[in-house]
Amino acid sequence: PRTASACSAVCYYFAKQVHVSQGVPVGVAVAAVDGAAIEEFMRESVLNKCPQASGPSLVEYAKGPGFFSAGVVSVLGLSFKGVLWYQGESNACSPYRYGCLLQALIESWRHVQDRQQPEALAFLLVELAPSHHSEWNLEFANLRRVQRDVAAAM
């Protein structure tokens, strides 16, 4: 459909599969920015829960002032039952910090939605595919492992 052009193929086909298998309407809200780091989807107070790793700083990642306030807060204000999280390329250089950030993000979004129980607000993590850049494959592999660890813990 023409309204689906704002979301990724992964998002579209996942929503379509949920609709078909569950027989319920599925709405999709997209808060996506190409190349965004996980830090851009978090409040600063949540960021402070995780130690800064070496590598690019949050300032270097920033897509502009107010992205969290303008993009993420509006989505968090909606009522929804799940999140399909497809992000990580920009954080592949710091997989261990990413694990802390991902867990903090999930906890904070559940808190804002007042649904702390995992079954009340599901987070489904899309693993990053291996890259055609061979130097990134080890970093992506480490990030995928961290994503699996967080998914198992949450």
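Owing to the predicted nature of the structure, the values given are computational and were not obtained by experimental measurement. (Residues numbered from 1 in each chain as written. Predicted model: local features only at pLDDT ≥ 70, side-chain atom pairs only at ≥ 80, totals over all residues. Heavy atoms only, no water.)

## Let's talk about the pattern of salt bridges
Moving on, step 1. Scanning the model with the defined rule gives 3 salt bridges in all.
Moving on, step 2. Two residues, R148 and E127, come together in a salt bridge whose shortest N-O distance is 2.9 Å. On the criterion of sequence distance, the pair formed by R148 in helix α6 (residues 134-153) and E127 in the loop between β2 (122-125) and α6 is long-range, its members being 21 residues apart.
Moving on, step 3. A salt bridge links D149 to R145, with the shortest nitrogen-to-oxygen separation between them at 3.6 Å. Note that D149 and R145 are positioned in helix α6 at a spacing of 4 residues, about one turn of the helix.
Moving on, step 4. Judged by its relative accessible area of 45%, D149 falls in the partly exposed class. (Salt bridge = Lys/Arg side-chain N within 4 Å of Asp/Glu carboxyl O. Helix = DSSP H or I, 4+ residues; strand = E, 2+ residues; numbered from the N terminus. Buried < 20%, exposed > 50% of the residue type's maximum accessible area, 1.4 Å probe, protein only.)

## A look at the state of the cysteines
Moving on, step 1. All told, the structure shown has 1 disulfide when counted by the stated rule.
Moving on, step 2. A sulfur-sulfur separation of 2.1 Å characterises the disulfide bridge that pairs C50 with C100. Measuring the twist about the S-S bond at about -90°, one finds the C50-C100 disulfide to be left-handed. In this pair, C50 sits in the loop between α2 (44-47) and α3 (58-61) while C100 sits in helix α5 (residues 95-112), placing the two residues 50 residues apart along the sequence.
Moving on, step 3. Take C7: it sits in no disulfide, and the sulfur closest to it among the cysteines is that of C11, at 4.1 Å. (Disulfide = S-S within 2.5 Å.)

## Observations concerning the environment of R110
Moving on, step 1. When you line up the elements, R110 lands in helix α5.
Moving on, step 2. Sequence separation between R110 and L121 is 11 residues, and the spatial gap between their C-alpha atoms is 6.4 Å.
Moving on, step 3. Not counting residues within four places of it along the chain, the set of residues in contact with R110 comprises R115, Q116, Q117, P118, L121, A122, F123 and M154. (Contact = heavy atoms within 4.5 Å.)

## A closer look at the nonpolar core
Moving on, step 1. If you look at the biggest cluster of nonpolar residues, it comprises 29 residues, and the most contacted ones within it are I38, M42, W85, L105 and W109.
Moving on, step 2. Counting residues per element, the ones that place at least two in this core are α2, α4 (67-76), β1 (82-85), α5 and α6.
Moving on, step 3. The element best represented in this core is α5, accounting for 7 residues. (Core = buried A, V, L, I, M, F, W, Y, C linked by side-chain atoms within 4.5 Å.)

## Re the pairing of β2
Moving on, step 1. Relative to β2, β1 is paired through 4 bridges, and the arrangement is parallel. Looking across to β2, one finds that V83 is bridged to F123. (Pairing = 2+ DSSP bridges.)

## A closer look at the pairing of β1
Moving on, step 1. On β1, burial follows the alternation: V83 and W85 on one face are buried, whereas G82 and L84 on the facing-out side are not.
Moving on, step 2. The parallel pair β1 and β2 is bridged by α5, and the resulting crossover is right-handed. (Right-handed = clockwise from strand over helix to strand, strands pointing away.)

## Description of helix α1 (residues 9-22)
Moving on, step 1. Between its first and last C-alpha, α1 extends 20 Å over 14 residues, near the 20 Å set by a 1.5 Å rise per residue.
Moving on, step 2. Within two residues after α1, G23 carries a phi angle of roughly 70°, on the positive side. (Expected span 1.5 Å × (residues − 1).)

## Considering the packing of aromatic side chains
Moving on, step 1. Using the criterion set out here, one finds 4 aromatic pairs in the structure.
Moving on, step 2. With centroids separated by 4.9 Å and ring planes inclined at 85°, the aromatic side chains of Y12 and Y13 adopt a geometry described as edge-to-face.
Moving on, step 3. Classification of Y12 by relative accessible area gives partly exposed; the value is 24%.
Moving on, step 4. Feature note: the residues F41, W85, W109 and F123 constitute an aromatic cluster, connected by ring pairs.
Moving on, step 5. Seen from the ring of F80, R115 lies directly overhead, with NZ or CZ sitting 5.9 Å from the centre. (Phe/Tyr/Trp six-rings, centres within 6.5 Å; stacked < 30°, edge-to-face > 60°. Lys NZ or Arg CZ within 6 Å of the ring centre and 35° of its normal.)

## Here we look at a nonpolar patch on the surface
Moving on, step 1. Residues V24, V26, V28 and V30 make up a contiguous nonpolar surface patch of about 270 Å² in total accessible area.
Moving on, step 2. Here V24 lies in the loop between α1 and α2.
Moving on, step 3. Assessed through its relative accessible area of 37%, V24 is described here as partly exposed. (Patch = residues over 30% accessible without salt bridge, like charges linked within 9 Å, V, L, I, M, F, W, Y side chains within 5 Å. Areas by Shrake-Rupley, 256 points an atom, 1.4 Å probe, with all protein chains shown as cover.)

These figures come from the coordinates and say nothing about function on their own.
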